Amino acid sequence: QVQLVESGGGLVQPGGSLRLSCAASGNILSMNVMRWYRQAPGKQRELVAGITVGGTTNYADSVQGRFTISRDNAKNTVYLQMNKLKPGDTAVYSCNAARWSTNYWGQGTQVTVSS
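Engineer: So what's going on with the overall build of the chain? Which residues, and what values?
Structural biologist: Counting secondary structure elements, the chain contains 0 helices and 11 strands. Starting at the N terminus and ending at the C terminus, the chain contains elements arranged as β-β-β-β-β-β-β-β-β-β-β. For 115 residues, the compact-globule estimate of 2.2 N^0.38 gives 13 Å, and the C-alpha radius of gyration of the chain, at 13 Å, lies within 12% of that figure. In the chain, which comprises 115 residues, the share counted as buried stands at 42%. Counting contacts in the chain only where the partners sit at least 6 residues apart, residues at least 24 apart contribute 53% of the total. Per element, the accessible surface of the chain, about 6100 Å² overall, is 47% carbon and sulfur. When the 11 positive and 5 negative side-chain charges of the chain are each reduced to one mean point, those points stand 2 Å apart.

Engineer: An account of unusual backbone geometry is needed here, citing residue identities and associated values.
Structural biologist: Its identity is not glycine, yet Lys84 carries a phi of approximately 50°, on the positive side. With respect to the helices, strands and loops of the structure, Lys84 is situated in the loop between strand 8 (77-82) and strand 9 (91-99). A relative accessible area of 58% places Lys84 in the exposed class. The backbone phi angle of Trp100 is positive, close to 55°, even though this residue is not glycine. Counting through the fold element by element, Trp100 comes out in the loop between strand 9 and strand 10 (102-105).

Engineer: An account of the side chain of Asn96 is needed here, citing residue identities and associated values.
Structural biologist: Residue position: Asn96 is located in strand 9. From its side chain, Asn96 meets the backbone oxygen of Tyr104 in a polar contact 3.4 Å long.

Criteria and thresholds
Residues numbered from 1 in each chain as written. Predicted model: local features only at pLDDT ≥ 70, side-chain atom pairs only at ≥ 80, totals over all residues. Heavy atoms only, no water. Helix = DSSP H or I, 4+ residues; strand = E, 2+ residues; numbered from the N terminus. Rg over C-alpha atoms; globule rule 2.2 N^0.38 Å. Buried < 20%, exposed > 50% of the residue type's maximum accessible area, 1.4 Å probe, protein only. Contact = heavy atoms within 4.5 Å. Areas by Shrake-Rupley, 256 points an atom, 1.4 Å probe, with all protein chains shown as cover. Lys, Arg positive; Asp, Glu negative; His and termini not counted. Charge placed at Lys NZ, Arg CZ, Asp CG, Glu CD. Polar contact = N/O pair within 3.5 Å; in protein donor to acceptor, adjacent residues only side chain to side chain.

Structure (structure tokens):
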């Protein structure tokens, strides 16, 4: 059983920045991959970014160049730095940890981009 807790969401102006955090109860290096997903009302959940145990990262085309996923192994925390935010980025952002075929999810944190 793994516990994931997201924080850092809020209301931000278009063009602004937010840094989301995902704190894990255990060693994040025991997971094959850590990911950030997002889901807007009435839409499917979509993958935003991921980082493997080896440090390889990947991003959705819609956030490439604006978002950065990273981790602090000593703090067992994964981050999502979001820059140049757009209204289309508004969603609930959730942290996901995957170990083989098992997935763990945080409770989500709301990000709202609006003037």
